[in-house]
Protein chains: 2
Amino acid sequence: MDYDRFKYCGLNVALDVLSGKWKPVILFHLFHEEEVRFTELWRNIPKVAKKVLLEQLKQMEEDGVIIREERNTFPPEVYYRISEKGKALGPALAALQNWATEHAAEEVAAMRAAKKVAL
Amino acid sequence: MDYDRFKYCGLNVALDVLSGKWKPVILFHLFHEEEVRFTELWRNIPKVAKKVLLEQLKQMEEDGVIIREERNTFPPEVYYRISEKGKALGPALAALQNWATEHAAEEVAAMRAAKKVAL
DNA sequence: TAACCTGTTCACTTTTTGGTAACCATGGAT
DNA sequence: ATCCATGGTTACCAAAAAGTGAACAGGTTA
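Residues numbered from 1 in each chain as written. Chains lettered and ligands numbered in written order. Predicted model: local features only at pLDDT ≥ 70, side-chain atom pairs only at ≥ 80, totals over all residues. Heavy atoms only, no water.

**Q** How should I be thinking about the overall build of chain A in this particular structure?
**A** Secondary structure assignment for chain A yields seven helices and three strands. In chain A, the succession of helices and strands from N to C terminus is α-α-β-α-α-β-β-α-α-α. The buried share among the 119 residues of chain A stands at 44%. Taking as baseline every contact in chain A between residues at least 6 positions apart, the subset at least 24 positions apart corresponds to 48%. (Helix = DSSP H or I, 4+ residues; strand = E, 2+ residues; numbered from the N terminus. Buried < 20%, exposed > 50% of the residue type's maximum accessible area, 1.4 Å probe, protein only. Contact = heavy atoms within 4.5 Å.)

**Q** Looking at this model, I keep getting lost on the sheet that holds strand 3 (residues 77-82) of chain A. Mind explaining?
**A** By way of backbone hydrogen bonds, the strands of a sheet pair with one another, either parallel or antiparallel. Residues and elements named next belong to chain A. The strand order across the open sheet built from three strands is 1-3-2, with neighbouring strands paired in antiparallel fashion. Across the chains shown, the open sheet's two edge strands, defined by having one partner strand only, are strand 1 (36-37) and strand 2 (66-71). In terms of strand pairing, strand 1 meets strand 3 through two bridges, oriented antiparallel. Within strand 3, the position partnered with Arg37 by the bridge is Tyr79. (Pairing = 2+ DSSP bridges.)

**Q** Is there a simple way to think about the protein's contact with DNA strand D in this case?
**A** Taken together, 22 residues sit near DNA strand D, with Thr39, Lys50 and Arg68 of chain A together with Lys21 and Lys51 of chain B positioned nearest. Among all atoms of DNA strand D positioned within 4 Å of the protein, those belonging to sugar or phosphate total 59%. Of all elements in the fold, only helix 3 (38-44), helix 4 (50-62) and strand 3 of chain A together with helix 4 (50-62) of chain B reach the threshold of two or more residues within the surface near DNA strand D. When residues in the surface near DNA strand D are grouped by element, the largest group, four residues, is from helix 4 of chain A. (Near = heavy atom within 4 Å.)

**Q** What's the story with the packing of helix 6 (residues 90-103) of chain A against helix 6 (residues 90-103) of chain B in this structure? I'm lost.
**A** Helix-helix packing is characterised by the crossing angle of the two axes and by the distance between the axes. Running from N to C, helix 6 of chain A and helix 6 of chain B point in directions that differ by 160 degrees, and their axes come no closer than 8 Å. Classified by the angle their axes make, helix 6 of chain A and helix 6 of chain B are roughly antiparallel. Here the hand of the crossing between helix 6 of chain A and helix 6 of chain B comes out left-handed. Touching Ala92, Ala95 and Leu96 of chain A of helix 6 of chain A are Ala92, Ala95 and Leu96 of chain B, all from helix 6 of chain B. In terms of residue class, the contact of helix 6 of chain A with helix 6 of chain B is made up of six nonpolar, no polar and no charged. (Axes fitted to C-alpha atoms, helices over the stretch in contact; angles between N-to-C directions. Parallel < 35°, antiparallel > 145°, perpendicular 65-115°, else oblique. Left-handed = near helix turned anticlockwise from the far one by under 90°. Nonpolar A, V, L, I, M, F, W, Y, C, P; charged D, E, K, R; others polar.)

**Q** Just checking my understanding: could you explain the protein's contact with DNA strand C for this structure?
**A** In the vicinity of DNA strand C, 21 residues are found, and the nearest of them are Lys21 and Lys51 of chain A together with Thr39, Arg68 and Pro76 of chain B. Of all atoms in DNA strand C that approach within 4 Å of the protein, 65% are sugar or phosphate atoms. Lys51 of chain A is positioned with one of its side-chain polar atoms (N or O) 2.3 Å from a base oxygen of DNA strand C. Measuring from a phosphate oxygen of DNA strand C, one finds a side-chain N or O atom of Gln56 of chain A at 3.0 Å. Per-element accounting of the surface near DNA strand C gives the leading share, four residues, to helix 4 of chain B. Of the residues that constitute the surface near DNA strand C, the class distribution is ten nonpolar, three polar and eight charged. (Polar contact = N/O pair within 3.5 Å; in protein donor to acceptor, adjacent residues only side chain to side chain.)

**Q** Please clarify how helix 2 (residues 23-33) of chain B should be interpreted in this entry.
**A** Side chains three or four residues apart in an α-helix point the same way, a direct result of the helix having 3.6 residues per turn. All names here are of chain B. Within helix 2, nine of the eleven residues are buried, which leaves it mostly tucked inside the rest of the structure. Among the residues making up helix 2, those that are buried are Lys23, Pro24, Val25, Ile26, Leu27, Phe28, His29, Leu30 and Phe31. Phi turns positive, to about 70 degrees, at Glu34, one or two residues after helix 2.

**Q** Which parts of the structure should I look at to understand the pattern of salt bridges?
**A** A pair can form between side chains of opposite charge whenever their charged atoms are brought close. Residue and element names in this part refer to chain A. Counted by the stated rule, this structure contains twelve salt bridges over all chains. Residues Glu35 and Arg71 are paired through a salt bridge, measuring 2.8 Å at the closest nitrogen-oxygen approach. One end of the pair, Glu35, is in the loop between helix 2 (23-33) and strand 1; the other, Arg71, is in strand 2, and 36 residues separate them in sequence. What makes Glu35 partly exposed here is its relative accessible area of 32%. One salt bridge connects Glu55 with Lys51, and the closest N-O pair in it is separated by 3.5 Å. Residue Glu55 and its partner Lys51 are located together in helix 4, separated by four residues, close to a single helical turn. Overall, the relative accessible area of 37% leaves Glu55 in the partly exposed class. (Salt bridge = Lys/Arg side-chain N within 4 Å of Asp/Glu carboxyl O.)

**Q** In this structure, what is going on with unusual backbone geometry? I would like to understand it.
**A** Peptide bonds are, in most cases, trans, and in most cases residues other than glycine have a negative phi. Cis peptide bonds are those with omega within 30 degrees of zero, and the linkage from Phe74 of chain A to Pro75 of chain A qualifies with 0 degrees. One non-glycine residue, Glu34 of chain A, lies in the positive phi region at around 70 degrees. On the secondary structure map, Glu34 of chain A appears in the loop between helix 2 and strand 1. By relative accessible area, which is 57% here, Glu34 of chain A ends up exposed. Positive phi outside glycine occurs at Lys47 of chain B, with the angle close to 85 degrees. Here Lys47 of chain B lies in the loop between helix 3 (38-44) and helix 4.

This is the structure in structure tokens:
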């Protein structure tokens, strides 16, 4: 195991992209749904404030992990989807997920119980 | 690619463990040094407040990713090292690091330039 | 005795993040 | 005219995270 690659600078960049209360959930939806309309997303993630959801989406767009597409209809329709860069996060996210279920099962259960994130 | 495993609950647990301004750096040191004394760590991470470093270490200990060993000497010596659970984070961290260098090279460079994290 | 080192904690302050609720422009439906 | 839905912004507020500086107990050293 060659862990010399932990030039944690890159690690920090990656964590920066992921850090934000709702970003994991957003990614979850976007990984599953290919294309999600804003209001739809907003309704599927109960408890987020519109403003906050917008903020996180904007950050993620700036980070290049998602793509925002505005369609010229009325009422306006705005769709979000993952970019290639975003999809490339897949393995890393899976690895984290893996670690959690293998080494932190209790915490996962506790979190579920506390409903820190609802689905 | 089976991304059905993104039961983002686990993902959130993992990110929780990693989120904290100094945790990546701490991990970096602990992955490389086997055993680090508190003051030593504090001096190697310039700019952290002692209090904050202590906080992050305590959280990481509670999360079970590091181990705190207090030796009965005077003046007191406290050593930190990674636990097995912490070591198990290795692949996930490497994956994140990988993603950053492959898909976010510019951001990494920018961060280095901004000295958001110093080594 | 006084100054010192260590890991910790305390009392605050600042910064960052997240949340609430109102508002806007637009056009379609009632 | 009125109301609704959409995506977005604004002004304001609350909570969390990080930072500052001092203090502590304890024995060591000078």
